[in-house]
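# Observations on the model geometry
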Amino acid sequence: DLFGVTNDLGDNLDAAMRETQEAIRRVLTGAPAVDLPPQPSSVRRQQHQAARTANLISHSHGRDPYRHVRIVRD
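Throughout what follows, the structure given in this document is the object of discussion. (Residues numbered from 1 in each chain as written. Predicted model: local features only at pLDDT ≥ 70, side-chain atom pairs only at ≥ 80, totals over all residues. Heavy atoms only, no water.)

### Looking at the nonpolar core
- Grouped together as the largest cluster of nonpolar side chains are 12 residues: Met17, Ala23, Ile24, Val27, Ala31, Val34, Leu36, Ala50, Ala51, Leu56, Val69 and Ile71.
- Where this core is concerned, the elements lending two or more residues are α1 (8-28), α2 (41-53) and β3 (68-72).
- It is α1 that provides the largest number of residues to this core, a total of four residues. (Core = buried A, V, L, I, M, F, W, Y, C linked by side-chain atoms within 4.5 Å. Buried < 20%, exposed > 50% of the residue type's maximum accessible area, 1.4 Å probe, protein only. Helix = DSSP H or I, 4+ residues; strand = E, 2+ residues; numbered from the N terminus.)

Below, the structure is given as structure tokens:
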């Protein structure tokens, strides 16, 4: 804040992880699969980790810059 530097990367990561948690909730409550919006590989890596933590399966689909994570039940 002191130098006028914004933390867009951190804000984007927070938003992406909120979307990931919502997708996990949807799959755990019956959705067969949920596709998340495209993200950079560093964010997708964390999305995959969150899915594993919830005992779900995730795969990346598409080509950059449209590559995205799909979360499914096993």
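On we go from here.
### A short note on the pattern of salt bridges
- A complete count under the given rule lists three salt bridges for this structure.
- Residue Glu22 is joined to Arg25 by a salt bridge in which the shortest nitrogen-to-oxygen separation is 2.5 Å. Taken together, the residues span about one helical turn, with Glu22 and Arg25 both in helix α1 at a distance of three residues.
- Among the residues examined, Glu22 registers a relative accessible area of 35% and is labelled partly exposed. (Salt bridge = Lys/Arg side-chain N within 4 Å of Asp/Glu carboxyl O.)

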